[in-house]
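Here is what each chain is made of, one letter per residue.
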Amino acid sequence: MNRMTMGSVRVARSGNLLNDTFKGTTQSTSAATNTNLPYADNDQAKTSINRTLTTTITNSEMLKSSKKPECAANIVKQSDIICFDVDSTVICEEGIDELADFCGKGSEVARVTKEAMGGTMTFQDALNIRLNIIKPSQKQIIDFLSQRPCTLTKNIRAFVNKLKSEGKNIYLISGGFHCLIDPIADELGIPRDHIFANKLMFYFNGDYASFDTTQPTSRSGGKAEAVSIIKRLNSNAIITMIGDGATDLEASPPANNVIGFGGNVLRAEVHQRSQYYIMDFAQLL
């Protein structure tokens, strides 16, 4: 089978379906390489895209909304493994919403997302419906990565660097897509084999075909399943999940702890249910 690679996207000449990532590859050879993609930290100026990424939060609001941040910081210190959600946590944006907007399907996908949040369909059904609306081609994925670079959340880079300096293992667990998350992991120095995310599949001509339904994060309860896999590989490790959504809370158990994050989007249900909640990663430094 003859194959060629484009960024983190895999193409099959034979017409077989292949995932959007390929194991064991740490760099890409296309003009739109992962390592050359521009990234901005949220505390740096970023004016290339006229979109509102976050709501400014004052220090008083941050302190009022936070819940036991000192305890959360101690939990991180005691943890061996830190797992992060990606959308609205590690980055400011929601990847599938941004991709839908880029492909001209933003309003249609937003409607399905709203219905899914109302509990009228499973996560996998909602993902399938949204992807069938967007139908992102390989070219659109590559153009999206180069034209709509994501924004790293304020202080996430410093926090990740601190965790790495302390010898902690870091994982990214997301209901998003490998091809969008791989460059983020590269930027932060997180190994790609420490990513649990969904994989898009394409026809030989680059058109969207489907997504890999065998990935844990493609279905409800997937983050807990991903943490279970990590736990089996690190049986005695203390694992802490950090994220903005209800699916992150569902990761415990098997995660030992969950820390809610509201620095980009404060979700009332998550804030209410979280024992620990932070508004800025600086609170964990």
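Structural data are supplied above this passage.
What counts as what
- Residues numbered from 1 in each chain as written.
- Predicted model: local features only at pLDDT ≥ 70, side-chain atom pairs only at ≥ 80, totals over all residues.
- Heavy atoms only, no water.
- Axes fitted to C-alpha atoms, helices over the stretch in contact; angles between N-to-C directions.
- Helix = DSSP H or I, 4+ residues; strand = E, 2+ residues; numbered from the N terminus.
- Left-handed = near helix turned anticlockwise from the far one by under 90°.
- Contact = heavy atoms within 4.5 Å.
- Nonpolar A, V, L, I, M, F, W, Y, C, P; charged D, E, K, R; others polar.
- Pairing = 2+ DSSP bridges.
- Buried < 20%, exposed > 50% of the residue type's maximum accessible area, 1.4 Å probe, protein only.
- Polar contact = N/O pair within 3.5 Å; in protein donor to acceptor, adjacent residues only side chain to side chain.
- Salt bridge = Lys/Arg side-chain N within 4 Å of Asp/Glu carboxyl O.

**Structural notes on the packing of helix α6 (residues 138-147) against helix α8 (residues 178-188)**
Phase 1 of the analysis: Between α6 and α8, the least distance of the axes is 10 Å, while the angle of their chain directions is 30 degrees. Seen along the crossing, α6 lies across α8 with a hand that is right-handed. Along its contact with α6, which presents Ile141, Phe144 and Leu145, the element α8 presents Cys179, Leu180 and Pro183.
Phase 2 of the analysis: Class assignment of the residues belonging to the contact of α6 with α8 gives a composition of six nonpolar, no polar and no charged.

**Digging into the sheet that holds strand β11 (residues 239-243)**
Phase 1 of the analysis: Reading across the sheet, the six strands line up as β8-β7-β5-β11-β12-β13 and stay open at both edges, with parallel pairing between neighbours. What marks the edges here is a single partner per strand, and that holds for β8 (195-198) and β13 (276-278). Sheet twist, expressed as the average angle between the axes of neighbouring strands with direction ignored, equals 20 degrees.
Phase 2 of the analysis: As defined by bridge partners, strand β5 (residues 81-84) adjoins β11 across four bridges and the pair is classed as parallel. Looking at the pairing, isoleucine 82 lines up with threonine 240 of β11.
Phase 3 of the analysis: The sheet strands contacting α8 are β7 (169-177) and β8, and the helix crosses β7 at an angle near 150 degrees.

**Some remarks on the side chain of serine 218**
Phase 1 of the analysis: When you line up the elements, serine 218 lands in the loop between β10 (208-211) and α9 (222-233).
Phase 2 of the analysis: With a relative accessible area of 0%, serine 218 lands in the buried category.
Phase 3 of the analysis: There is a polar contact of 3.2 Å between the side chain of serine 218 and the backbone oxygen of threonine 213.

**Some remarks on the pattern of salt bridges**
Phase 1 of the analysis: Evaluation of the coordinates by the stated rule reveals 15 salt bridges.
Phase 2 of the analysis: A salt bridge links aspartate 101 to arginine 148, with the shortest nitrogen-to-oxygen separation between them at 2.9 Å. Placement of aspartate 101 in helix α3 (residues 95-102) and of arginine 148 in the loop between α6 and β6 (151-152) is noted, with a sequence separation of 47 residues between them.
Phase 3 of the analysis: The partly exposed category is assigned to aspartate 101, whose relative accessible area is 41%.
Phase 4 of the analysis: Across the pair glutamate 269 and arginine 273 runs a salt bridge whose closest N-O atoms are separated by 3.0 Å. Residue glutamate 269 and its partner arginine 273 are both found in helix α11 (residues 268-273); the two are separated by four residues, about one turn of the helix.
Phase 5 of the analysis: Owing to a relative accessible area of 46%, glutamate 269 belongs among the partly exposed residues under this scheme.
Phase 6 of the analysis: For arginine 273, a relative accessible area of 46% corresponds to the partly exposed category.
Phase 7 of the analysis: Residues joined by salt bridges that share partners form a network here, namely Asp85, Lys223 and Asp248.

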